[in-house]
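# A look at the structure
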Amino acid sequence: MSPVPPAASRLPLSGQPGFAQPAYTDNFYEAVGGHATFVKLVDVFYDGVAEDPLMRPMYPEEDLTAAKERLLLFLEQYWGGPRTYSEQRGHPRLRMRHMPFAVSPQARDAWLRHMRGAVDSLELSPLHEATLWDYLERAAHSMVNSA
């Protein structure tokens, strides 16, 4: 069996110019579109949070810009993007950072509702959408700290 030729030497899939197989990456961040994708995710999520009477009080700043930046940096780093979050804030310690807030099952469900809308807005491939949603759902469940 011969080895697979390097990507640069592969022929287009259809034999027609301009129809080549997309480049493969094992980096989720890059595969879903990088910075622009995560900015959209966070923007759409916080648009919902800003109008939610249960969620909004959990964000003490008048302007949600700082919270948006923290979530953006965290998600980018988690999914293989820049390590800016750790450089600026250290280890994420998600449960510890959320302890000051009463995160009830109702708050978790509201968070997931807004995040679901944000994920759907990205129109990711089914595999990428399922991978992202699985993580977000597990993370939300782990933040519950009150009845």
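These notes cover the structure that comes with them. (Residues numbered from 1 in each chain as written. Predicted model: local features only at pLDDT ≥ 70, side-chain atom pairs only at ≥ 80, totals over all residues. Heavy atoms only, no water.)

## With respect to the overall build of the protein
Test applied: Under the DSSP-based scheme used, a helix requires at least four consecutive residues in state H or I and a strand at least two consecutive residues in state E, with every element numbered from the N terminus. Working definition: with a 1.4 Å probe on protein chains only, accessible area under 20% of the residue-type maximum means buried, over 50% means exposed, and in between means partly exposed. Whether two residues touch is decided by their heavy atoms; if any such pair falls within 4.5 Å, the residues are in contact. For the area figures, the Shrake-Rupley method with a 1.4 Å probe applies, and any residue is considered shielded solely by the protein chains shown.
Of the regular secondary structure elements, the protein holds seven helices and zero strands. Out of the 147 residues belonging to the protein, those deemed buried represent 35%. Put simply, of all contacts in the protein between residues at least 6 apart along the chain, 64% involve residues at least 24 apart. With an accessible surface of roughly 9300 Å², the protein has 58% of that area assigned to carbon and sulfur atoms.

## A look at the packing of helix α2 (residues 35-50) against helix α6 (residues 105-122)
The description of two packed helices rests on the angle between their axes and on the distance between the axes. Defined as follows: Helix axes use the C-alpha atoms of the stretch in contact, all axes being lines fitted to C-alpha atoms, and the angles between their N-to-C directions lie in the range 0 to 180 degrees. Each angle is binned into one of four classes, with values under 35 degrees roughly parallel, values over 145 roughly antiparallel, values of 65 to 115 roughly perpendicular, and all other values oblique. Crossing handedness is read from the near helix: turned anticlockwise from the far helix by less than a right angle, it gives a left-handed crossing, and turned clockwise, a right-handed one. Lys, Arg, Asp and Glu make up the charged group, whereas Ala, Val, Leu, Ile, Met, Phe, Trp, Tyr, Cys and Pro make up the nonpolar group; the residues left over, Gly among them, are polar.
Running from N to C, α2 and α6 cross one another at 140 degrees; their axes reach a closest spacing of 8 Å. The angle between the axes of α2 and α6 places the two elements in the oblique class. Of the two possible hands of crossing, α2 and α6 adopt the one that is right-handed. Taken together, the residues of α6 that come into contact with α2 (itself represented by Thr-37, Lys-40, Leu-41, Val-44, Phe-45, Gly-48 and Val-49) are Trp-111, His-114, Met-115, Gly-117, Ala-118, Val-119, Ser-121 and Leu-122. Considered class by class, the residues forming the contact of α2 with α6 number nine nonpolar, five polar and one charged.

## Examining the pattern of salt bridges
Selection rule: For this analysis, a salt bridge means a side-chain nitrogen from Lys or Arg found within 4 Å of a carboxyl oxygen belonging to Asp or Glu.
Following the criterion strictly, the structure yields seven salt bridges and no others. One salt bridge in this structure joins Arg-70 and Glu-61, with 3.4 Å as the shortest N-O distance. Here Asp-109 ties to Arg-108 by a salt bridge, and the two come within 2.9 Å at their closest N and O atoms. Overall, Arg-108 belongs to the buried group, its relative accessible area being 18%.

## Quick notes on unusual backbone geometry
Positive phi outside glycine occurs at Glu-123, with the angle close to 55 degrees. Positionally, Glu-123 belongs in the loop between α6 and α7 (126-143).

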